[in-house]
Amino acid sequence: MLYLQSGWGIFALVSTLDAIPCPCASALLQVCGLTVTYAPRGERPVPALRGINLDVAPGEIVGILGESGSGKSTLALSLLGLLPASAQVEGSVLLEDEDLTKTADSRWAAIRGAKIAMIFQEPGLSLSPVMRAGDQVGEVIRAHRPGARKQRDQEVEVALKDAGLTESGRIYKAYPHQLSGGELHRVAIAQALVCRPALVIADEPTRSLDVTLQAEIQNALRDMNRKQGSALIFITHNPALLTGFADRVLVMYAGRIVEAGPVAQVYRRPLHPYTRGLLQLVPERREGAGLASVLTGNRLPVIPGHLGDLDSSAQGCAFEPRCAARTARCQAEAPEEVAPEPGRRVSCFNYGK
Ligand code: ATP
Ligand code: MG
């Protein structure tokens, strides 16, 4: 009897949870039910994104966290209209009420750089080797606001300084090969922000940098976010980079957002078993662990198993084979997203257990 009562209690709680059809209406960016399948001719289709719902408010910093292959870059490319022709897209991506999934190629030139900008993982590769750094930043302005060269140069100098490049004169005239890794990153930041876009997407922008430079680049991004009010989507596989930096975190697994909420709340009390596993990998969360355990030869923690092949015909939860909290239901059915408390979302039948 006691068992039945507690069973019904749980049922009643779950059934009154808010359904989450779509993000809030006041957002700068609203992504609803975004599904992307790569279907190259003659190859097995890859369901890279499955029903992504996400909203970003003006000026907000949102972290997207997930391991390799979870769909982070596919999401970034979808927002910029840069998916390859083999990608089949369903759902909508509204930026200031314009649906970017229906945007014509000719219109994209006016959107990229001006309304939405991207900082890639290896900025050195996205810069032209035969153009001076300052001219490359100036080109972004010229593409959107033709005007006098002198005025443009002044704006470039301000953008370089804002990105933390105090020697803006030297940097302006330098070719990419004459700049350090940190300086290249800052030029890419200046390029992304010079037209004050409403939204910047940074896809693992600090992956190739040492820890000190990582922190410096993140500080530069946050300063720009505060000064210009541009919202930032910061993509990473490293949970530690979002602490004290992002307002909210979205955790991705196999093309789905499995958990979302304010960083402080999610990190203090993760609800999804995958988020719990990811956070255990952050050294400072593990008592007595850290560099010492590496140096003494102790094994580093990992989430057992791997992401595996993405399969559109799979019925159950994609994390089930690796999940310590799995039940029979998880293999048969994919969990719907629920909002167990204000501002938090999770897709798991057994969340919090
Ligand atoms: P990483 O952390 O390694 O950058 P990611 O989270 O950014 O990974 P994606 O690059 O978005 O992941 O890839 C998601 C899935 O889509 C993977 O299974 C990947 O192999 C597949 N994929 C990505 N691009 C293509 C493509 N052009 N054609 C076919 N499959 C692709
Ligand atoms: Mg990627």
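Residues numbered from 1 in each chain as written. Chains lettered and ligands numbered in written order. Predicted model: local features only at pLDDT ≥ 70, side-chain atom pairs only at ≥ 80, totals over all residues. Heavy atoms only, no water.

Undergrad: Which parts of the structure should I look at to understand the site of ligand 1?
TA: Taken together, 15 residues lie around ligand 1, and S68, G69, K72, S73 and T74 are the ones closest in. Between ligand 1 and S70 there is a distance of 3.2 Å, counted from an oxygen atom to a backbone nitrogen or oxygen. One nitrogen or oxygen atom from the main chain of S73 is found 2.9 Å from an oxygen atom belonging to ligand 1. For ligand 1, the protein covers 67% of the area, taking 630 Å² as the surface of the free molecule. Sort the elements by how many residues they give to the shell around ligand 1 and helix 2 (residues 72–80) lands first, with three residues. Of the residues in the shell around ligand 1, the class split is five nonpolar, six polar and four charged. (Near = heavy atom within 4 Å. Polar contact = N/O pair within 3.5 Å; in protein donor to acceptor, adjacent residues only side chain to side chain. Areas by Shrake-Rupley, 256 points an atom, 1.4 Å probe, with all protein chains shown as cover. Helix = DSSP H or I, 4+ residues; strand = E, 2+ residues; numbered from the N terminus. Nonpolar A, V, L, I, M, F, W, Y, C, P; charged D, E, K, R; others polar.)

Undergrad: Sorry, what's going on with the confidence of the model for the protein here?
TA: Predicted coordinates in areas of low pLDDT are best not read in detail. Model confidence for the protein is summarised by a mean pLDDT of 85, while 85% of its residues fall at 70 or above. Note that residues 1–21 has pLDDT below 50 and, in this model, 12 contacts with residues that lie over four places away or in other chains. Within the model, the stretch residues 286–297 combines pLDDT values under 50 with seven contacts to residues more than four positions away or in other chains. (pLDDT = per-residue confidence, 0-100. Contact = heavy atoms within 4.5 Å.)

Undergrad: Could you clarify how one ought to interpret the pairing of strand 9 (residues 248–253) in this entry?
TA: On a regular strand, one side chain projects to one face of the sheet and the next to the other, so that they alternate. Of all six residues in strand 9, six are buried; the element is thus mostly enclosed. Along strand 9, one buried face is formed by R248, L250 and M252 and the opposite face, lined by V249, V251 and Y253, is buried too. Where strand 3 (residues 61–65) and strand 9 come together, four bridges link them in parallel fashion. Across the sheet, residue V62 finds its bridge partner in strand 9, namely R248. Bridge count for strand 9 against strand 10 (residues 256–262) is six bridges, and the pairing is antiparallel. For V251, the partnering residue across the bridge sits in strand 10 and is E259. (Buried < 20%, exposed > 50% of the residue type's maximum accessible area, 1.4 Å probe, protein only. Pairing = 2+ DSSP bridges.)

Undergrad: Is there a simple way to explain the packing of aromatic side chains in this structure?
TA: Each aromatic ring pair is characterised by the separation of its centres together with the angle its planes make. Scanning the entire structure with this criterion turns up four aromatic pairs. Aromatic pair F234 and F245: ring centres 5.0 Å apart, planes at 70°, arrangement edge-to-face. Of the two residues, F234 is situated in strand 8 (residues 231–236) and F245 in the loop between strand 8 and strand 9; the sequence distance between them amounts to 11 residues. In this structure F234 comes out as buried when scored by relative accessible area, which is 0%. A residue is classified by how much of its surface remains accessible, and F245, at 6% relative accessible area, is buried. (Phe/Tyr/Trp six-rings, centres within 6.5 Å; stacked < 30°, edge-to-face > 60°.)

Undergrad: How do you make sense of the nonpolar core when you look at a structure like this?
TA: One broad rule of soluble globular proteins: the nonpolar side chains tend to lie buried together. The biggest cluster of nonpolar side chains holds 56 residues, and the ones touching the most others in it are L160, V187 and I189. No other element matches helix 8 (residues 181–193), which puts seven residues into this core. Here L160 is in contact with V137, L165, S168, I171, Y172, V187 and A190, once residues within four sequence places are set aside. Judged by nonpolar contacts, the second largest core, of 35 residues, contains I64, V93, I111 and L250. (Core = buried A, V, L, I, M, F, W, Y, C linked by side-chain atoms within 4.5 Å.)

Undergrad: Would you mind showing me how to read the side chain of D203 here?
TA: Looking at the secondary structure, you find D203 in strand 7 (residues 199–203). Here D203 occupies a buried position and makes no salt bridge, while the nearest side chain of opposite charge, K72, is found at 6.6 Å. Apart from the residues within four sequence positions on either side, D203 is in contact with S73, M118, I119, F120, Q121 and I235. (Lys, Arg positive; Asp, Glu negative; His and termini not counted. Salt bridge = Lys/Arg side-chain N within 4 Å of Asp/Glu carboxyl O.)

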